[in-house]
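# Geometric and topological summary
The residues making up each chain are set out below.
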Amino acid sequence: MQRFSRFAPLLALAVLAFAQPAAAQRAGERETYEHVPMPSGFQVISTELEGPVFADARGHTLYTWPRGGQRNGDAGEQQGRPTCDDTKYTETAGLMSPYPAGLELPELATRPTCVQIWPPVLAGADAKPVGKWTVVERKDGGKQWAYDGYALYTSVLDEMPGDTRGGRRGRNGGNGGDGGTPRIVAAPPTDIPAQFGIYSVRSGRLLALSSGFSVYSYDKDTATKSNCTGACLRDWSPVLAGETAMAKGDWTIIEREPGVKQWAFRKKLLYTRVADDSARSLEGSDEAGWNNVYAQKEPAYPAGFKVQDSYAGQVLADAQGHTIYIYNCIDDTFDQQGCDHPGAPQAYRLAVCGGGDAARCLATFPYVLAAKDAKSGSRAWTAIDIDPKTGRHAAPGQADALHVWAYRGRPVFTFAGDKKPGQVGADGWGEFHGARNGFKAFSIRDDFKGNAG
Amino acid sequence: MKSNIQRVLIASGAVFALAAPFAANAQEGQEVVRDRSIAYVMTMEEWAMHKTPGAKAECPNGMNEGPREQFKVLFPENGPKRTVVGTQLARESQIYFPEPEKENMPFKEAVGPVVPGVNLDGKIDADDFTNADGGKGIDNQFFRVIGCVSSYRDVAALMVTKWRVDNSFNRVVIELTDVDDLVNDPDVTVTTYRGLSPMLPDATGNGYMPGASQKLDMRFGKDFITSFKGKIVDGVLTTEPADYLMPYQALANISTQLFRGVKWDLRLTQDGAEGYMGGYVDLESWHAQRQESISTHHQSYGQESSPTVYKALKRLADGYPDAAGQNTAISSALHVRFTQVFIERPAKATAQAGSQNGISR
């Protein structure tokens, strides 16, 4: 078993600088993982948003592209069969609906190929499989590393160790459907007892039962004694540990009463909430003294942002309470290129945010401006310069550039139609309810439709 | 003249649906008007329309065409090279930033003269409809827009009710307070809320049992709370108009719809209520809600073309003129059905918690 590569010590500073817990998280509160066997040259990095992920020697996150169904066909890769190559697609694939295949793509002259965006993680001629790491053959005869059968890639969007701008995992990562077939981070198994699961939600990596139902901790407990007894047990159920369950790492077990054992995570006894009727609920945290439990929380939002109650739950908002929106876009091609960031064609976004008019787009979906010296304290949130006329990255020194906030390297927006705090009038604005060429509210807590996770 | 609700009950056969549960509650002797209040949860909604077999009477020119059919006409396969920007995105631009003056696709308007609904303005105008009982002055211009669009009829219409009962974002609860008599009471108050509790299906699976509880959403659902002054005459509740923001959900997509000048017209019993929610659909709210709920792909199933429908909405709008005299809303009516519930109010601490436990900052 090899936890870190031989390059790891050399990268320690970079990893510490960019992949350490954000200020709002308590030291050490990072998700742990199983130390699975890895080939040399690879490592596991603890990232702000996705927890532990596999990375190459530079610390750049590795991604896979599992096949996913869309309206009229599949995109992505099967195990052992990488398809991302140097083909330059010129027309839509017709995977989506109602528009037909064969439409000429925007900005063809500068359109990259799949491998220019997703460099394959090539394997040497003498590379040997290790555990779930295998070597697969590319169509051009080259060899490529794969994990769990899926070919591995890095993303040109990732600039620093710990960046995960190329994709997400869990429910946020998705796997086909109306949002396209995205790349997902390659990650080692989470190191938790079998009856638990960790789920990516907008507020962090949420600890829950394997069924998805949230677990909670109680402020009045100690590390070894539960103070939820009597009437308390009508509303909260201790998460019991089996007879053969063993303590390990962050996980301990107490004996509530003779023969009745209860799980604890990081010295917090765990419960489920009887009234929860949906998975990944955050409702129990409304009860005084009770808290959801996270393997790790999302980094703190930059100054000037706040959590706002809305009719859809809690959303991220600007200082005035106006809802923040994320723009989603994957094109209708066989290589499923993202069009949701300033390095990609802006024609899609301009169509739905301004009818093709950049000025109207700026007025309808204004960028969230950042102060000149704005700092976020995390890599999840950065301030970037945008050319307001094109929506692309501004040229260095460009006089009219807008300095704006970006999440995962993508600008965030407000909506001019939201006239008061708590309105989410543009949630779902754009194609496929905002999932594809459209806007979704930056939902943090959604008691209604699972939009926040 | 029979009331609107009487007409609805007879036409839909809903008498039987309501009568059975009434008997059940009566047998149990359960008192459902408590502390001078009674509440109901919405179990069915459909746009009030005049429907004939094959839509032959109301759509003499046939049904409208949708995005797929229009795309073929606008951008023929044997025409100039089709591009994403010149076709798909051009059409999506017209959906989100419609220019009715440039929209030239044909539209087939539904015709009356018999259409259900509510007399919203108290007048009998030339373009008003007559209901099946001969009642005049029915304000339902929205019917002209959607009556010949498949999305709003039959199976597609049933989905709306399914989404209404399957989800809690859009669960509508009404509470009547100051109730002294459920048959005749000159002064009651009707308040709308969002309910959070699952519905209680009956043994058939097609209906809902009265007597269940509904927890009110007093935290995130404040925008959906509206009060109406009303009266009950011979078991029929009618109200004064008030604006109402209604939560909507289609599939997993949420949105809201602003209705202006809503009037309720409901026959009440201890176990349920049925009738109309009449009001003026705010056009911009409607247009945004429709796109956010039902994508172009899904609208294609029901041959609903958003740019073409929007042009018709603007042309037929009949209420709430802006400063330039352009009407901003269109008269409409929803046929609705409710089942009696008992309200569960959240503890004050939770309702106002605004808790951010577990949330970063």
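Residues numbered from 1 in each chain as written. Chains lettered and ligands numbered in written order. Predicted model: local features only at pLDDT ≥ 70, side-chain atom pairs only at ≥ 80, totals over all residues.

### A short note on the overall build of chain A
Worth spelling out the cut-off: A run of H or I in DSSP counts as a helix once it spans at least four residues, and a run of E counts as a strand once it spans at least two, with each numbered from the N terminus. Just to be clear, the radius of gyration here is over C-alpha atoms, and the globule rule we use is 2.2 Å times residues to the power 0.38. This entry defines residue contacts through backbone-placed C-beta atoms, with two residues in contact when those atoms are within 7 Å.
Each helix and strand in chain A was counted, giving six helices and 29 strands. Its C-alpha radius of gyration of 23 Å places chain A within 12% of the 22 Å reference for a compact globule of 453 residues. The C-alpha extent of chain A, read off along each of the three principal axes, is 70 × 60 × 45 Å. The contacts of chain A with a sequence gap of at least 6 include a subset with a gap of at least 24, amounting to 63%.

### Focus: the overall build of chain B
Looking only at helices and strands, chain B has 10 helices and 11 strands in total. Summarising the internal contacts of chain B: among those between residues at least 6 apart in sequence, 69% fall at separations of at least 24.

### What to know about the nonpolar core
Residue and element names in this part refer to chain A. What counts here: Note on terminology: a nonpolar core is a set of buried residues of type Ala, Val, Leu, Ile, Met, Phe, Trp, Tyr or Cys, with members joined through C-beta atoms within 7 Å. Partly exposed residues are those falling between the two cut-offs: more than 12 but fewer than 20 other C-beta atoms within 10 Å of their own, whereas 20 or more means buried and 12 or fewer means exposed, with C-beta atoms placed from the backbone. Note that the domain bounds reflect an automated or database-derived domain assignment.
Ranked by internal contacts, the top residues of the largest apolar core, which has 126 residues, are Val 315, Tyr 325, Val 412 and Phe 413. Built from parts of two domains, this core gets at least three residues from each of domain 1 (1-189) and domain 3 (306-445). When residues no more than four places from it in sequence are discounted, the contact partners of Tyr 325 are Phe 365, Val 412, Phe 413, Thr 414, Phe 415, Ala 426, Phe 439, Lys 440, Ala 441 and Phe 442.

### Things to note about the interface of chain B and chain A
Applied cut-off: Only Asp, Glu, Lys and Arg are considered charged in this grouping, and only Ala, Val, Leu, Ile, Met, Phe, Trp, Tyr, Cys and Pro are considered nonpolar; every other residue, Gly among them, is considered polar.
The partner chain A presents 47 residues to the 46 residues of chain B that form the contact. Of the residues that constitute the side of chain B that touches chain A, the class distribution is 17 nonpolar, 21 polar and eight charged.

### Structural notes on unusual backbone geometry
The omega torsion of the bond from Ser97(A) to Pro98(A) falls at 5°, within 30 degrees of zero and hence cis. Residue placement: Pro98(A) occurs in the loop between β5 (73-75) and α2 (114-117). Across the junction of Gly112(B) and Pro113(B), the peptide omega takes the value 10°, indicating a cis bond. Positionally, Pro113(B) belongs in the loop between α4 (84-96) and α5 (141-146). Even without a glycine there, the phi angle at Ala55(B) is positive, about 55°. With 20 C-beta atoms counted inside 10 Å, the residue Ala55(B) sits in the buried group.

### A look at the sheet that holds strand β10 (residues 196-201) of chain A
Residues and elements named next belong to chain A. Applicable threshold: The rule for pairing is simple: two strands pair if DSSP sees at least two bridges between them. Note on geometry: axes are C-alpha line fits, over the in-contact stretch for helices, and angles between N-to-C directions span 0 to 180 degrees.
If you walk across this open sheet you meet the three strands as β10-β11-β20, and the pairing is antiparallel. Each of the sheet's edge strands pairs with one partner strand only, and the pair in question is β10 and β20 (294-297). Averaged over all pairs of adjacent strands, the angle between strand axes in this sheet comes to 25°, irrespective of strand direction. With six bridges joining them, β10 and strand β11 (residues 204-209) adopt antiparallel strand pairing.

### Quick notes on the pairing of strand β16 (residues 260-265) of chain A
Residue and element names in this part refer to chain A. Strand direction decides the pairing type here: strand β14 (residues 240-241) and β16, joined by two bridges, are antiparallel. The residue bridging Leu 240 from the neighbouring strand is Gln 262, located in β16. Sheet topology note: the strand β15 (residues 251-257)/β16 ladder contains six bridges and is antiparallel. Its bridge partner lying in β16, Ile 254 is registered against Gln 262. Two successive antiparallel strands, β15 and β16, enclose a turn made up of two residues, where Gly 259 displays a positive phi of approximately 85°. The pairing of β16 with strand β17 (residues 268-269) spans two bridges and is antiparallel. Across the sheet, Phe 265 pairs through a bridge with Lys 268, a residue of β17.

### A short note on the sheet that holds strand β21 (residues 306-310) of chain A
Residues and elements named next belong to chain A. In spatial order, the strands read β21-β22-β29; together these three strands make up an open sheet with antiparallel pairing. With one partner strand each, in any of the chains shown, β21 and β29 (443-445) form the two edges of the open sheet. Between one strand and the next, the sheet's axes are offset by a mean angle of 40°, whatever the strand orientation. Direction of pairing for β21 relative to strand β22 (residues 313-317): antiparallel, over a ladder of five bridges. Each residue of the ladder has a partner; that of Gln 308, found in β22, is Val 315.

### Overview of the confidence of the model for chain A
Residue and element names in this part refer to chain A. As a reminder, the rule being used: Each residue carries a pLDDT score, the predictor's confidence in it, ranging from 0 to 100.
Within chain A, residue pLDDT values average 91, and 91% of them lie at 70 or more. Between residues 1-25, whose pLDDT stays under 50, and residues either more than four places distant or in other chains, the model counts 51 contacts. Note on residues 171-175: pLDDT under 50 across the span, and 13 contacts to partners over four residues away in sequence or across chains.

### Here's the deal with helix α9 (residues 306-316) of chain B
Residues and elements named next belong to chain B. Counting buried positions over the 11 residues of α9 gives eight, a clear majority of the element. Where α9 is concerned, the buried positions are Ser 306, Pro 307, Thr 308, Val 309, Tyr 310, Lys 311, Ala 312 and Leu 313. Considering only its buried residues, α9 is in contact with α4, α5, α7 (283-293), α8 (296-301) and β11 (327-344).

### Re the domain arrangement of chain A
All names here are of chain A. Each assigned domain of chain A is listed with its residue range as follows: domain 1 (1-189), domain 2 (203-297) and domain 3 (306-445). Taken residue by residue, the interface counts 28 residues in domain 1 and 21 residues in domain 3. Across the side of domain 1 that touches domain 3, the residue classes tally to 17 nonpolar, six polar and five charged.

### A closer look at the pairing of strand β5 (residues 226-233) of chain B
Residue and element names in this part refer to chain B. Here strand β3 (residues 185-194) runs beside β5; their pairing, made up of six bridges, is antiparallel. Bridging from a neighbouring strand, Asp 185 pairs with Ile 232 of β5. With four bridges connecting them, β5 and strand β6 (residues 236-239) associate as antiparallel partners. Bridge pairing in β6 places Ile 232 opposite Leu 237. Where β5 folds back on β6, the antiparallel hairpin that results is connected by two residues, among which Asp 234 adopts a positive phi of roughly 50°.

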